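In case you want the letters, here they are:
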Amino acid sequence: MEERVTVRQGMQPNFGGVLVGIVKIGFTGGAPAIQVWIRAGGQERKQAFREGQSVVLPGAGTLRFDSIRPADGERTASADLTYAS
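Residues numbered from 1 in each chain as written. Predicted model: local features only at pLDDT ≥ 70, side-chain atom pairs only at ≥ 80, totals over all residues. Heavy atoms only, no water.

**Q** Talk me through the pattern of salt bridges; I want residue IDs and the actual numbers.
**A** Opposite charge on two side chains permits them to pair, given that their charged atoms come into close proximity. Tallying each qualifying case throughout the model produces 6 salt bridges. With a shortest N-O distance of 3.3 Å, Asp66 and Arg4 are connected by a salt bridge. On the criterion of sequence distance, the pair formed by Asp66 in strand S7 (residues 61-69) and Arg4 in strand S1 (residues 2-8) is long-range, its members being 62 residues apart. Of the residues examined, Arg4 reaches a relative accessible area of 54% and is grouped as exposed. For Asp66, a relative accessible area of 22% puts it in the partly exposed group. (Salt bridge = Lys/Arg side-chain N within 4 Å of Asp/Glu carboxyl O. Helix = DSSP H or I, 4+ residues; strand = E, 2+ residues; numbered from the N terminus. Buried < 20%, exposed > 50% of the residue type's maximum accessible area, 1.4 Å probe, protein only.)

Structure below.
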């Protein structure tokens, strides 16, 4: 089963019991990137991703970073993610 969500900086969605904090949406090395905290089972880690990358959430499924849109003069930063359990 897949679930697609749009997130903004500061949100903390929960995917299969794993909390994913959206720390920063911006640019790294000139490319759109997103930095997240992944919290599960008393452990946490901070990690950065680019469009198309994915991460296995401990005991929950896979989270893919489909599109990342840094803020510009007219819109706030956001990203589209797909969670597959």
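Still more ground to cover, so stick around.
**Q** Describe the sheet that holds strand S2 (residues 14-15), naming the residues involved and giving the relevant values.
**A** Within the open sheet, the 4 strands sit side by side as S2-S3-S4-S5. Their pairing is antiparallel. Only two strands of the sheet have a single neighbouring strand rather than two, namely S2 and strand S5 (43-50). As judged from the 8 bridges shared by strand S4 (residues 31-40) and S5, these two strands associate in the antiparallel manner. Note that in S5 the partner of Ala40 across the bridge is Gln43. (Pairing = 2+ DSSP bridges.)

**Q** Lay out the environment of Gln12 with the relevant residues and their values.
**A** Note that Gln12 resides in the loop between S1 and S2. Here the alpha-carbon distance between Gln12 and Leu57, two residues 45 residues apart in the chain, equals 14 Å. Leave out the neighbours within four places in its chain, and Gln12 touches Leu19, Val20, Gly21 and Arg39. (Contact = heavy atoms within 4.5 Å.)

**Q** Help me get a handle on the pairing of strand S6 (residues 54-57), residues and values and all.
**A** Here S6 shows one buried face, formed by Val55 and Leu57, and one open face, formed by Ser54 and Val56. The pairing of S6 with S7 spans 4 bridges and is classified as antiparallel. Note that in S7 the partner of Leu57 across the bridge is Gly61. If you look at the hairpin formed by S6 and S7, you'll find 3 residues sitting between the two strands, and Gly59 has a positive phi there, around 70 degrees.

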